[in-house]
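Coordinate inspection notes
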Amino acid sequence: MDIVVEHLTKRYGPQKAVDNVSFRVKAGEVLGFLGPNGAGKTTTMKAMACFIKPEEGDILVGGYSIHDHPEIIKKNIGYLAENNPLYQEMNIIDFLEFIAKIHGIPKYLIPERILDMIRTCGLEGEKHKLIGELSKGYQQRVGLAQALIHDPDILILDEPTTGLDPNQIVEIRELIKRIGKEKTVILSSHILAEVEATCDRILIINNGRIVVDGTAAELRKQAQGNEILKLGVQGGDIDHIFESLFEIETIDSIDIIDVDKQLFEIQSLPNTTSVKAIFDTCVRNNYYITELTPTEKKLEDIFRILTLH
Ligand SMILES: Nc1ncnc2c1ncn2[C@@H]1O[C@H](COP(=O)(O)OP(=O)(O)OP(=O)(O)O)[C@@H](O)[C@H]1O
């Protein structure tokens, strides 16, 4: 089922939590919804799941509008809320049975669905425990199980790894990736590495507006700007090397980053590359290159650049 978000606007009082947002999610995609705190991620996801009504715009899920057919959409969406509210005093099986009944799953099918969820979410060893007795990672697995019990086509996960330790984060990411092979998944996060690890596509939202839509590689490219190269050159005096490099027309600036190792950081002019010219210059002067690597901006830096106010 494709999801089409069209000119979505949601206000809380005078504030626009989501401001004229439009995007599409293709069936089978794993989409990362990324943005700083208060960006509008939860609001957009709640609107997709028909938990809140926007003032303007529409969301079509498999062609059905959230305004006209919320019941059909709810049947096709599984939702894991931020902070995963669960009944701490219930055991896992009773809890999943309770959720299955809410979804109107026929009684005779419920035991099979529960077993399936326990297997899918790796809860076999813990299934008789009270939810309050489970570790945070296992509670998150229960959250995923409740979101999946009615076998929805689409899974929406609001900050699914918040509060987990690094091992639990890896486990939940693996689980999400496995689920993502069969379902459309939309997950929100304010951690870039998280969405890069799990998602096919990243959508960055800031101040209620989409600022980037693309793959991690495209996102890097968009924020990358000028070519920056780390270059090591031997076989000549460092000052001479510096001067001969500086004659290259496409080079904008050269910094010496290590005098002993004769390492330079070279920035090219916009939309140019200096790699071939550097190579030719070194050959001409009988220098030899010990290192030539493009420097990539860290994804964290890119995220900061793209979400600056
Ligand atoms: N029920 C509400 N009443 C008033 N303002 C709200 C309500 N829910 C959200 N907001 C405001 O709308 C804006 C967007 O909030 P939203 O929860 O969608 O952001 P978010 O990107 O999910 O943030 P976070 O990462 O902190 O969860 C915020 O400024 C928030 O304070």
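Rules behind the numbers
Residues numbered from 1 in each chain as written. Predicted model: local features only at pLDDT ≥ 70, side-chain atom pairs only at ≥ 80, totals over all residues. Heavy atoms only, no water. UniProt positions renumbered as here; feature names shortened; annotations may be inferred. Buried < 20%, exposed > 50% of the residue type's maximum accessible area, 1.4 Å probe, protein only. Helix = DSSP H or I, 4+ residues; strand = E, 2+ residues; numbered from the N terminus. Arc of directions from axis to C-beta. Patch = residues over 30% accessible without salt bridge, like charges linked within 9 Å, V, L, I, M, F, W, Y side chains within 5 Å. Areas by Shrake-Rupley, 256 points an atom, 1.4 Å probe, with all protein chains shown as cover. Salt bridge = Lys/Arg side-chain N within 4 Å of Asp/Glu carboxyl O. Lys, Arg positive; Asp, Glu negative; His and termini not counted. Charge placed at Lys NZ, Arg CZ, Asp CG, Glu CD. Expected span 1.5 Å × (residues − 1). Contact = heavy atoms within 4.5 Å.

- In the nomenclature of an unreviewed UniProt entry, the protein is known as Gliding motility-associated ABC transporter ATP-binding subunit GldA of Labilibaculum manganireducens.
- Comment text from UniProt for the protein, heading Sequence similarities (unreviewed entry), reads "Belongs to the ABC transporter superfamily."

**Topic: helix 10 (residues 275-284)**
- Residues Ile278, Thr281 and Cys282 constitute the buried set of helix 10. One side of helix 10 carries all its buried residues, which in axial view fall inside an arc of 95°. The outward face of helix 10, more than 90 degrees from its buried face, is lined by the exposed residues Lys276, Val283 and Arg284.
- A positive phi of about 60° marks asparagine 286, the residue just after helix 10.

**Observations concerning a negative patch on the surface**
- A cluster of acidic side chains, namely Asp237, Asp239, Glu243 and Glu247, defines a negative patch on the protein surface.
- Examined against the element boundaries, aspartate 237 turns out to sit in the loop between strand 11 (228-234) and helix 9 (238-246).
- Aspartate 237 sits in the partly exposed class, given a relative accessible area of 39%.

**A short note on a nonpolar patch on the surface**
- On the surface, Tyr87, Phe98 and Ile102 cluster together into a nonpolar patch covering about 300 Å² of accessible area.
- By secondary structure assignment, the location of isoleucine 102 is in helix 3 (residues 92-102).

**Some details on helix 5 (residues 136-148)**
- Over its 13 residues, helix 5 extends 18 Å from the first C-alpha to the last, a length consistent with the 18 Å expected when each residue adds 1.5 Å.
- Within the span of helix 5, buried status applies to Gly137, Gln139, Gln140, Arg141, Val142, Gly143, Leu144, Ala145, Gln146, Ala147 and Leu148.
- Against the buried residues of helix 5 lie strand 6 (77-80), helix 3, helix 4 (110-120), strand 7 (154-158) and helix 6 (166-180).

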